[in-house]
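# Working through the structure, step by step
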Amino acid sequence: MHIEEWLETVPAVSVYLLVGLVIGLESLGIPLPGEIVLVSATLLAASQDHINPYILGGSAIAGAVIGDSIGYLIGRKGGQPLLTWLGRKFPKHFSAEHVATAERSFQKWGMWAVFVGRFIALLRIFAGPLAGVLQMPYWKFLIANVLGGIIWAGGTTAVIYSLGKVAEDWLKRFSWLGLVLALLFGLGSMLVMKWRSKKAKPAAVTADDSETAEPQPVPAGD
């Protein structure tokens, strides 16, 4: 079975659920490659007609908003001990240095830190739990969370899907384009070689004439 045929058998619902689940867990505070999964699923939608990009984008947005909200509630209930526990479980992402940097960003920028954090991999996993730990008012968090989720997830889906469609159309014409380029390259090479051979022929004749010409005798002095 070819890869294209296999991809056509992948149920669209499973793709929507996978994207929503991975992005939701990442937004909740678990380090997962949400952005990579979203981009991969969007490229799949661009090549497979049975996957609806609007539903895919909606699933990504829902996962982002719901995951962030759950992370916020967990952070608000768990407080600072939660960050300590996350630091033990995920020391690479929730180290004391990273937590301190994120806290400074939240204290300085507030809602903007939640919004902009959606577009930064490290802050994306911090946004929900840390906003809860720092007791950010939920209505402020929700506004930034929803807007960030819509623009990040929806925008990423729209841009990658458009680029994927353009790339797919180009690849479909690649065989014809490759043939035309090969013919043009071959014709151009033939013309260049023919021009060079014509240019080299007079030079060769001149060189032969100069080699075969007998030297003129030098008259002897009286």
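Described in the following lines is the structure provided in the data block. (Residues numbered from 1 in each chain as written. Predicted model: local features only at pLDDT ≥ 70, side-chain atom pairs only at ≥ 80, totals over all residues. Heavy atoms only, no water.)

### As for the pattern of salt bridges
Which entries qualify depends on this criterion: Salt bridges are defined by distance alone: a side-chain nitrogen of Lys or Arg within 4 Å of a carboxyl oxygen of Asp or Glu. Every helix listed is a DSSP run of H or I at least four residues long, and every strand listed is a run of E at least two residues long, numbered separately from the N terminus. Only protein chains enter the accessibility calculation, which uses a 1.4 Å probe; a residue whose area is less than 20% of its type maximum is buried, one above 50% is exposed, and one in between is partly exposed.
Taken as a whole, this structure holds three salt bridges when the rule is applied. The salt bridge partner of Arg124 is Glu26, with a shortest N-O separation of 3.3 Å. With Arg124 in helix α8 (residues 121-133) and Glu26 in helix α2 (residues 12-28), this pair connects stretches of sequence that are 98 residues apart. On the basis of relative accessible area, Arg124 is assigned to the buried category, the value being 2%. Judged by relative accessible area, which is 3%, Glu26 ranks as buried.

### Some points on helix α6 (residues 96-109)
Put simply, the test is: In a helix, the anticipated span is given by 1.5 Å times the number of residues less one. This arc is built from the directions going out from the helix axis to the C-beta atoms.
Under the 1.5 Å per step criterion, the end-to-end length of α6 is 20 Å for 14 residues, consistent within 8% with the ideal 20 Å. All of the buried residues in α6 are Val99, Ala102, Glu103 and Phe106. The buried residues of α6 occupy an angular sector of 105 degrees when projected down its axis, which confines them to one face. Of the exposed residues in α6, the ones pointing more than 90 degrees away from its buried face are Glu97, Arg104, Lys108 and Trp109. Remark: Gly110 follows α6 within two positions and exhibits a positive phi of approximately 60 degrees.

### Notes on the packing of α2 against helix α4 (residues 53-78)
Basically, it comes down to this: Lines fitted to C-alpha atoms define the axes, with helix axes restricted to the stretch in contact, and inter-axis angles between N-to-C directions lie between 0 and 180 degrees. When describing relative orientation, an angle under 35 degrees is termed roughly parallel and one over 145 degrees roughly antiparallel, while 65 to 115 degrees is termed roughly perpendicular and anything else oblique. Should the near helix be turned anticlockwise from the far one by less than a right angle, the crossing is termed left-handed; should it be turned clockwise, right-handed. The contact definition used throughout considers only heavy atoms, calling two residues in contact when any of these lie within 4.5 Å. Three classes are used, and their members are as follows: Ala, Val, Leu, Ile, Met, Phe, Trp, Tyr, Cys and Pro are nonpolar, Asp, Glu, Lys and Arg are charged, and the others, Gly among them, are polar.
The geometry of α2 relative to α4 is characterised by a closest axis approach of 7 Å and an angle of 30 degrees between their N-to-C directions. The angle between α2 and α4 falls in the class roughly parallel. Crossing handedness for the pair α2 and α4: right-handed. Two secondary-structure elements touch here, α2 through Val15, Tyr16, Val19, Gly20, Ile23, Gly24, Ser27 and Leu28 and α4 through Ile55, Leu56, Ser59, Ala60, Gly63, Ala64, Gly67, Asp68, Ile70, Gly71 and Ile74. Of the residues belonging to the contact of α2 with α4, the class tally is eleven nonpolar, seven polar and one charged.

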